[in-house]
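Listed below are the residues making up each chain.
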Amino acid sequence: MFEQIKLNYASNALEPVIGAETVETHYGKHHATYTTNLNAAAEKARVADKPIEELLGSLDSISDAASRTALLNNGGGFYNHNIYFEQLRAPREDNKPTGALADAIDAEFGGFDAFKEKMSALAVGQFGSGWAWLSCDGDGKLFLSQSANQENPITQGTGHKPLLTIDVWEHAYYLDFKNLRPKYVDEIWKLIDWDVVEKRYADR
Ligand code: MN3
C-alpha cells in the first residue's frame, strides 16, 4: 500500500507564493488520485510490495504494456509529488543550502546562483507538462535534468537519486501565476526546505 506523505505544514503555509487553494487541489486531489490509481495498478501487476524507487526502476520487467503505462504514470505521479511536497516550507528570503550539499553544488555548478539559474532554465524550458530535477548519480555526482509528464530520473536511468524537483505542470502554478511559469519558478526557490534536500543528499 503506497501512501502520500503527510504535509507538515498548513495548506496556507506557502503563501503568498503558492496559495491554499493550489495546495488543497494539487496535494488533496491530483496527488491523492495518483496514489489511489497507483495502488490499483500495483495490486493488479502484483508489485504492491516493492519500494516505489525499485518499482519505478524496474518497469521494463512488467510485460503487459497497459500495466507498465499505468505504473509509470501513476507511480511517477505518486513519487514525484512526494518528493515535491516534502521539500517545501514557508517562504524565506535568501534561502540557500549549507554544508556538504552547498559545497557539492559550488564544485559542480560554480556556485549556488549559477546552479539556480541552470535548474530554473530547465524548469521554464520543459515543453508542456513535466519536471526539473537535481539528482546525484551512482557515484554521488550531482546533475540536472528535466522530464516529461510523470517520468523522473529513476525512470530515465540507473542509479539516480532525485534530491530536489520543480513541478511545472500547469496545475502546480496556474491558480497563483496563471500562464507565468517563469515567475512561479523564480518564486519557488523561497519555499525550498533545504534541510530536507540536504538530508536526501546525506542519505544517498
Ligand atoms: Mn503536480
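Look up: the structure comes first, before these words.
These numbers come from a predicted model, not from an experiment.

A few words now on the coordination of the manganese ion. Donor atoms from the polypeptide that coordinate the manganese ion comprise His26 (NE2), His81 (NE2), Asp167 (OD) and His171 (NE2), at 2.0 to 2.2 Å from the metal. One chain supplies every donor to the manganese ion, and in sequence these donors are spaced H-x54-H-x85-D-x3-H. Taken together, the positions of His26 in helix α1 (residues 20-44) and Asp167 in strand β3 (residues 161-167) put the pair 141 residues apart, joining distant regions of the chain. Asp167 shares its class with His26; the two are buried.

Within strand β1 (residues 130-136), seven of the seven residues are buried, which leaves it mostly tucked inside the rest of the structure. Residues of β1 alternate between two faces, with Gly130, Ala132, Leu134 and Cys136 on one and Trp131, Trp133 and Ser135 on the opposite face, all of them buried. Direction of pairing for β1 relative to strand β2 (residues 142-148): antiparallel, over a ladder of seven bridges. Bridging across to β2, Ser135 finds its partner in Phe143. Between β1 and β2, which pair antiparallel one after the other, the connecting turn spans five residues, and Gly140 there sits at a positive phi close to 85°.

Right, let's talk about the environment of Asn80 for a bit. In this fold, Asn80 is placed in helix α3 (residues 65-86). What makes Asn80 buried here is its relative accessible area of 0%. Remark: the alpha-carbon pair of Asn80 and Asn152, spanning 72 residues in sequence, is separated by 7.3 Å. There is a polar contact of 3.3 Å between the side chain of Asn80 and the side chain of Gln150. Here the side chain of Asn80 touches Glu151 through a polar contact of 3.4 Å, landing on its backbone oxygen.

For the pair helix α4 (residues 99-109) and helix α5 (residues 112-125), interaxial distance at closest approach is 8 Å and the crossing angle is 75°. Considered as vectors, α4 and α5 are oriented roughly perpendicular to each other. Here Ile105, Asp106 and Phe109 of α4 come into contact with α5, specifically with Phe112, Ala114, Phe115 and Lys118. When the residues that make up the contact of α4 with α5 are grouped by side-chain class, the tally is five nonpolar, no polar and two charged.

Right, let's get into the sheet that holds β1. Reading across the sheet, the three strands line up as β2-β1-β3 and stay open at both edges, with antiparallel pairing between neighbours. The open sheet is flanked by β2 and β3, the only strands paired with a single partner. Pairs of neighbouring strands in the sheet enclose a mean axial angle of 25°, with direction left out of account. In the sheet, β1 pairs with β3 via six bridges, with the strands oriented antiparallel. Counterpart to Ser135 in the pairing with β3 is Pro162. Most of the contacts of α3 go to β3, to which it runs at about 85°, and overall it touches β1 and β3.

Moving on to unusual backbone geometry. Residue Glu15 is joined to Pro16 through a cis peptide bond whose omega torsion reads 10°. If you trace the backbone, Pro16 turns up in the segment before α1. For Arg46, which is not glycine, the phi dihedral falls at a positive 55°. For Arg46, the position within the fold is in the loop between α1 and α2 (52-57). Located in the positive-phi region is Lys178, a residue other than glycine, with phi close to 50°. Among the secondary structure elements, Lys178 is positioned in the loop between α7 (174-177) and α8 (181-188).

One pass over the structure, following the stated rule, counts 13 aromatic pairs. When the ring of Phe2 is compared with that of Phe78, the centres are 5.6 Å apart and the planes differ by 65°; the resulting orientation is edge-to-face. Taken as a pair, Phe2 in the segment before α1 and Phe78 in helix α3 lie far apart in primary sequence, 76 residues in all. The pair Phe2 / Phe78 is uniform in exposure class, with both members buried. With 5.1 Å between their ring centres and 25° between their planes, Tyr173 and Tyr184 make a pair best called stacked. With Tyr173 in the loop between β3 and α7 and Tyr184 in helix α8, the pair connects residues that are 11 residues apart, well separated along the chain.

Calculation rules
Residues numbered from 1 in each chain as written. Predicted model: local features only at pLDDT ≥ 70, side-chain atom pairs only at ≥ 80, totals over all residues. Heavy atoms only, no water. Donors = N, O, S within 2.8 Å, 3.2 Å for Na, K, Ca; no water. Helix = DSSP H or I, 4+ residues; strand = E, 2+ residues; numbered from the N terminus. Buried < 20%, exposed > 50% of the residue type's maximum accessible area, 1.4 Å probe, protein only. Pairing = 2+ DSSP bridges. Polar contact = N/O pair within 3.5 Å; in protein donor to acceptor, adjacent residues only side chain to side chain. Axes fitted to C-alpha atoms, helices over the stretch in contact; angles between N-to-C directions. Parallel < 35°, antiparallel > 145°, perpendicular 65-115°, else oblique. Contact = heavy atoms within 4.5 Å. Nonpolar A, V, L, I, M, F, W, Y, C, P; charged D, E, K, R; others polar. Phe/Tyr/Trp six-rings, centres within 6.5 Å; stacked < 30°, edge-to-face > 60°.

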